[in-house]
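Okay, here's what each chain looks like letter by letter:
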Amino acid sequence: NWPASVTIKEVGPRDGLQNEKVFVPTEDKIAWINQMSGTGLKSIEITSFVNPKWIPALADAAEVAKGIERKPGITYSALVPNRQGLERAFEVDVDEAAVFMSASETHNQRNINKSIRVTFPILREVAQEALSAGKSVRGYVSTVFGCPYEGPVSIDEVIRVAETLFEMGIGELSLGDTIGIANPKQVQGVLDILLQRFDAKKLALHFHDTRGTALANILVSMDMGITTFDASVGGLGGCPYAPGASGNVASEDLLYMLDEMGIRTGVNQEKLLSAARFIQEKIGRDLPSRNLQVGSSN
Ligand code: HMG
Ligand code: MG
């Protein structure tokens, strides 16, 4: 029961780099994003307009957004935590504001320094302003499958956050397995419940591959009708406020699997691999991506 096509949303320049010890120079970030714009990807999350004291790796958000070449047909998105972030994003004209919060109280507090209750009106204001300025708004809910501080997360909390974000007018909600803890059976159970309330076309899945279950979780999600997945070139990534969290599923590993299954993405493998090689060289160590390892040993 596989879909004919899938959308890969590239989050490497944001999720991938936010936790990196190495500060990737602005011009390299720009060159990397420009390469990815030529791969056939339709959505690239380019940076974060968060407090640079919290995420120094993305302190050059405005320069990156200003420096890249915008290719028609690609949505250039950025993380926006509050009104101050939205103003910064407006100044450099990003296409989409991605608002984010967690389903678990402690992760929300550690990540954005606020309770869930206090976060709602802040994000509502961001969403309203972005929508009235003609931008699209994406939502993220973290810790859907487990929290690094609280352990299991109740599905009721996920539903409450999801409903509130959809009421704000977000076009799509990305369900985050922040610490890469989910298994296929759990994903099935969670989606069984969520798909009774929300349209599969409005949900994306965001799997970190900490324990090697990301592709299996994606397969189950596709079988249940999900056709949008977040991924990160090279398998870069992790949330700095989620101890032990490692990278997103590698975009090129996901692409390889989809290509071999005959599921269309519009993304070119060779070009995506060369973007992965580029950032691996800039980071200066082997990245987790499996297809990159194949490429270098053959
Ligand atoms: P705060 O410290 O509570 O903010 O931060 P505040 O409103 O009290 O302001 C304090 C200071 O922050 C002030 O500066 C503000 O100007 C500044 P000061 O007067 O002290 O010099 N400030 C800002 N500066 C620049 N841009 C802004 C901004 N807002 C306030 N937008 C805030 C609240 C949310 C900003 C902070 O906690 C923060 O930046 N957190 C970053 C969290 C983050 O980026 N986490 C990683 C991304 S989420 C993720 O990875 C999960 C995801 O991938 C899905 C998944 O895997 O589950 C999406
Ligand atoms: Mg993430």
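Residues numbered from 1 in each chain as written. Chains lettered and ligands numbered in written order. Predicted model: local features only at pLDDT ≥ 70, side-chain atom pairs only at ≥ 80, totals over all residues.

The name that an unreviewed UniProt entry assigns to the chain is Hydroxymethylglutaryl-CoA lyase, with the source organism given as Paenibacillus profundus. In UniProt, the chain has this text filed under Sequence similarities (unreviewed entry): "Belongs to the HMG-CoA lyase family." (UniProt positions renumbered as here; feature names shortened; annotations may be inferred.)

**Re the packing of helix α2 (residues 26-37) against helix α11 (residues 269-283)**
Orientation of α2 relative to α11, taken along the N-to-C sense of each, is 165 degrees, at an axis distance of 9 Å. Classified by the interaxial angle, the pair formed by α2 and α11 is roughly antiparallel. Here the hand of the crossing between α2 and α11 comes out left-handed. Contacts between α2 and α11 involve Asp28, Trp32, Gln35 and Met36 from the former and Ser274, Ala275, Phe278, Ile279 and Lys282 from the latter. Residues that form the contact of α2 with α11 fall into these classes: five nonpolar, two polar and two charged. (Axes fitted to C-alpha atoms, helices over the stretch in contact; angles between N-to-C directions. Helix = DSSP H or I, 4+ residues; strand = E, 2+ residues; numbered from the N terminus. Parallel < 35°, antiparallel > 145°, perpendicular 65-115°, else oblique. Left-handed = near helix turned anticlockwise from the far one by under 90°. Contact = placed C-beta atoms within 7 Å. Nonpolar A, V, L, I, M, F, W, Y, C, P; charged D, E, K, R; others polar.)

**Re the site of ligand 1**
Near ligand 1 lie 26 residues; those nearest to it are Val50, Gly85, Ser142, Gly176 and Thr178. Sorting the residues of the shell around ligand 1 by element identifies α1 (12-18), α4 (83-91), α5 (105-112) and β5 (136-142) as the ones contributing at least two each. The leading source of residues in the shell around ligand 1 is α4, at three residues. Of the residues contributing to the shell around ligand 1, the split by class is 11 nonpolar, 13 polar and two charged. (Near = placed C-beta within 6 Å.)

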